[in-house]
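# A look at the structure
Residues per chain, in single letters:
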Amino acid sequence: MIPLRLKIETDAIDPYVVRLRSFEGVAHDTPTLSSFDAVLGNATGESADFSGGERTLRVFGIDASDVNGDVLFVVPRRGTAHRLIRANSRHNTLLVTERCDQLCLMCSQPPKKQHVDMLPYFETAVLLSPENTTIGLSGGEPTLFKSELLEFLRRMLAARPDIDFHVLTNAQHFDRDDLAKLGELDLNRVLWGVPVYSSDPYVHDGIVAKPGAFDKVREGLSILCQAGAKIELRTVLMKPNAAGLADLAGFVTTSLPFVDKWAIMQLENIGYGRQNWDSLFFDSSRGFDTVGKALDLAISRGINAMLYNFPLCTLPPNYRPFAPSTISDWKRTYVSECAGCGLLDDCGGFFEWHPKAHGYERFGVT
Ligand code: SF4
């Protein structure tokens, strides 16, 4: 697995953001460097030394040639650095907060009470990011800090016209007063990922463990629509909502036809998803009918419906074109049966932490 947290040593005391520069010849090209850049000096098989400004930084366990342009958040007291932006990846996500007002049955990142405001550090990271990239903002629930988030987006969209954002939100906290602030954003460059699990309020509220959540998400989606925002509906497929997927498809086509995408997603075996795996995991290779009908209905009515996180061989061949490789590079893996598979190049495989007994009755290309 690609490490996102690195062991470091530094002579700095306070946390800081730094961009690593390890390409050859950079030392002779100082005009291209900013005060946030640290240039590679010595590198051994175990560590690489960088220096820039007044600080030195030793990073362990990396190949220096793999981290050129990476933006790190260095925490000297802990001896760690978080790779906020990996220059060679299109899967960079910044965690705005670990707080959340929902408690979803399958939450991959169970919420915590404490909150540390990282947005000032994230601003620097975004400004140092490579060109023409998309950056994810997630949580927890980022809109618990809605004013700060919208202001962050406003500044970053203006400062970096080449960068797009993907914001994951439960859309519980928007109100009509936000329309003015949303109107200040270049909304063509922000995709809002909003989970809706069922068209039955009772089922949706049960999955997110919050009474009234379904009504609130409808209201939030309506406000986002009014603002002209781009929306990606996200539905994790589970035993509690599988039977109602076709009804949800009908609801999406009639009540939410303005969405840009609808993603039906396979479950991730981590956090609460792992704790509740047996009661949640739905073997879509055996019960694909319910998924196929929902997908057909949505697509036939003009909704851009997709399947996220489904191994290709678990799908009937004619549905594979709707299943792009979506699992982030740092948490993607394949199982032994994948060796030699003709679909490997297009298949997103599994989450790194997926059980070895993968749970799909129909698996492998025959
Ligand atoms: S065998 Fe592996 S690589 Fe091939 S389609 Fe299945 S999961 Fe993907």
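From a predicted model like this one, the values you see are computed outputs, not experimental measurements.

## A look at the environment of Arg332
- Along the polypeptide, Arg332 turns up in strand β15 (residues 332–333).
- Among the residues examined, Arg332 registers a relative accessible area of 26% and is labelled partly exposed.
- On a C-alpha basis, the gap between Arg332 and Ser222 in space is 34 Å, while along the polypeptide they are 110 residues apart.
- With residues up to four places along the chain from it excluded, the contact list for Arg332 reads His91, Ser325, Ile327, Gly348, Phe350 and Glu352.
- There is a polar contact of 3.2 Å between the side chain of Arg332 and the backbone oxygen of Ile327.

## Overview of the sheet that holds strand β3 (residues 37–43)
- Here we have seven strands rolled up into a closed barrel, ordered β1-β5-β4-β3-β2-β6-β7, and mixed in their pairing. Neighbour-to-neighbour, the strand axes of the sheet open up by a mean angle of 40 degrees, direction not taken into account.
- Judged from the three bridges that link them, strand β2 (residues 16–21) and β3 form a sheet pairing that is parallel. Bridging across to β3, Arg21 finds its partner in Val39.

## What to know about the site of the ligand
- With respect to spatial proximity, the complete set of residues near the ligand consists of Pro311, Leu312, Cys313, Cys338, Cys341, Leu343, Leu344, Cys347, Phe350 and Phe363.
- Residues of the shell around the ligand, tallied by class, amount to 10 nonpolar, no polar and no charged.

Cut-off values and rules
Residues numbered from 1 in each chain as written. Predicted model: local features only at pLDDT ≥ 70, side-chain atom pairs only at ≥ 80, totals over all residues. Heavy atoms only, no water. Helix = DSSP H or I, 4+ residues; strand = E, 2+ residues; numbered from the N terminus. Buried < 20%, exposed > 50% of the residue type's maximum accessible area, 1.4 Å probe, protein only. Contact = heavy atoms within 4.5 Å. Polar contact = N/O pair within 3.5 Å; in protein donor to acceptor, adjacent residues only side chain to side chain. Pairing = 2+ DSSP bridges. Axes fitted to C-alpha atoms, helices over the stretch in contact; angles between N-to-C directions. Near = heavy atom within 4 Å. Nonpolar A, V, L, I, M, F, W, Y, C, P; charged D, E, K, R; others polar.

By themselves these figures say nothing about function.
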